[in-house]
Amino acid sequence: MTTRTENLLSRLRAGEVFLADGATGTMLQSLGLEDGRLPESWVVEQPDRVRALHESYVKAGANLVLTCTLGGTRFRLAHEGLEDRAAEVNRRAAELARQAAGDGVFVAGDMSSTGQLLAPLGQLTAAEAADGYAEQAAALVEGGVDFLLVETLSDLAEARAAVEGARRVTDLPIFVTFSFDTHGRTMMGVRPAQAAKEMAPLVEGLGANCGRDPDEYPAILEAMAAEAPGAILWAKPNAGLPHLNGDDVVYDASPAFMAEVALRLRQAGAQIIGGCCGTTPEHIAAMSQSLAH
């Protein structure tokens, strides 16, 4: 019997395009998550709201949702005093996403930066980071995810540590995406072609998320595709350029604009398309309609 994971990979390799969900953090903040708190805290405190957010994206047309675990390593969970509950938080988050997704929608186990610089720039060693990622990945797999996504990265060493840690505990597919938010580079100076060259041999897919402007994405994807022909490409830009309105960060892109962005991303070769910060279920619904044609 074909598993969901095998089904997803075969369809991607056949050229199918999938619509991922939108933002998690900014959406939970709009629902009452206090500034400065990790979204993962609501996995424990407000699980029904987290599940309802996943359900809203499924209803909008997403056929792939991310777990609420971007900050789910024990290193970042320490900000909430949850470092010793990392396995519980990640497993529960995966269960919530799985419940919302059912059998017809795929679930990505979401992982991201530790929030610390790796040695020699910082105190955290690559081996310690890999241990943390292994702990997180194992719990996500136990909770029922179909594959793993390591996203919003800027450092190749951290990306390698994440993949190494995850590979210790699972043979599920891994996707890696970087945030190119500094003049076409990541914060650590990595260019799209460099990221593709280093990471494509290690993972099943790669791409970009977050960043600054969706208009920058086609060039990013083309650079990656040129360096790693045949790679499955992922694109999840923010809902337009952020700006400050008082103390609030606002994303002004309309659902209609993001619907056009989705078409441009598909034209540029992306096979998994969604939205990052500022993207709502309304944006995803518009993107679903545009990609259906």
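Here goes a summary of the coordinates provided. Computed from a predicted structure; not experimentally measured. (Residues numbered from 1 in each chain as written. Predicted model: local features only at pLDDT ≥ 70, side-chain atom pairs only at ≥ 80, totals over all residues. Heavy atoms only, no water.)

### A short note on the side chain of threonine 177
Here is step 1 of the chain: Turning to its location among the elements, threonine 177 is positioned in strand E5 (residues 174-178).
Here is step 2 of the chain: Taking the relative accessible area as the measure of exposure, threonine 177 reaches 0% and is therefore buried. (Helix = DSSP H or I, 4+ residues; strand = E, 2+ residues; numbered from the N terminus. Buried < 20%, exposed > 50% of the residue type's maximum accessible area, 1.4 Å probe, protein only.)

### Structural notes on unusual backbone geometry
Here is step 1 of the chain: Between alanine 119 and proline 120 the backbone carries a cis peptide bond, its omega angle lying at 10°.
Here is step 2 of the chain: Positive phi is not limited to glycine here, since threonine 152 has a value of about 55°.
Here is step 3 of the chain: Tracing the sequence through the fold places threonine 152 in strand E4 (residues 147-153).
Here is step 4 of the chain: Here cysteine 210, not a glycine, exhibits a phi torsion of approximately 60°, which is positive.
Here is step 5 of the chain: Here cysteine 210 is to be found in strand E6 (residues 205-210).

### Section: the layout of surface pockets
Summary: where empty space remains is shown by rolling a probe the size of a single water molecule over the atoms.
Here is step 1 of the chain: Taken as a whole, the largest pocket encloses approximately 990 Å³ of empty space.
Here is step 2 of the chain: As for the largest pocket, its lining consists of 38 residues, of which Thr24, Gly25, Thr26, Gln29 and Cys277 are closest to the centre.
Here is step 3 of the chain: Secondary-structure elements contributing two or more residues to the lining of the largest pocket are helix H2 (25-30), E4, E6 and strand E9 (248-251).
Here is step 4 of the chain: Sorting elements by how many residues they give to the lining of the largest pocket places H2 first, with 5 residues.
Here is step 5 of the chain: Of the residues that constitute the lining of the largest pocket, the class distribution is 13 nonpolar, 16 polar and 9 charged. (1 Å grid on protein atoms, 1.4 Å probe; cavity = no way out; pocket = protein on both sides within 12 Å on 5 of 7 lines; lining within 4 Å. Points joined across faces, edges and corners; volume = space filled by probe spheres on them. Nonpolar A, V, L, I, M, F, W, Y, C, P; charged D, E, K, R; others polar.)

### As for the state of the cysteines
Here is step 1 of the chain: Tallied over the entire structure, the rule returns 0 disulfides.
Here is step 2 of the chain: Cysteine cysteine 210 is unpaired, with the sulfur of cysteine 277 as its nearest cysteine sulfur at 3.9 Å.
Here is step 3 of the chain: Left unpaired, cysteine 276 is separated from the closest cysteine sulfur, that of cysteine 210, by 4.2 Å. (Disulfide = S-S within 2.5 Å.)

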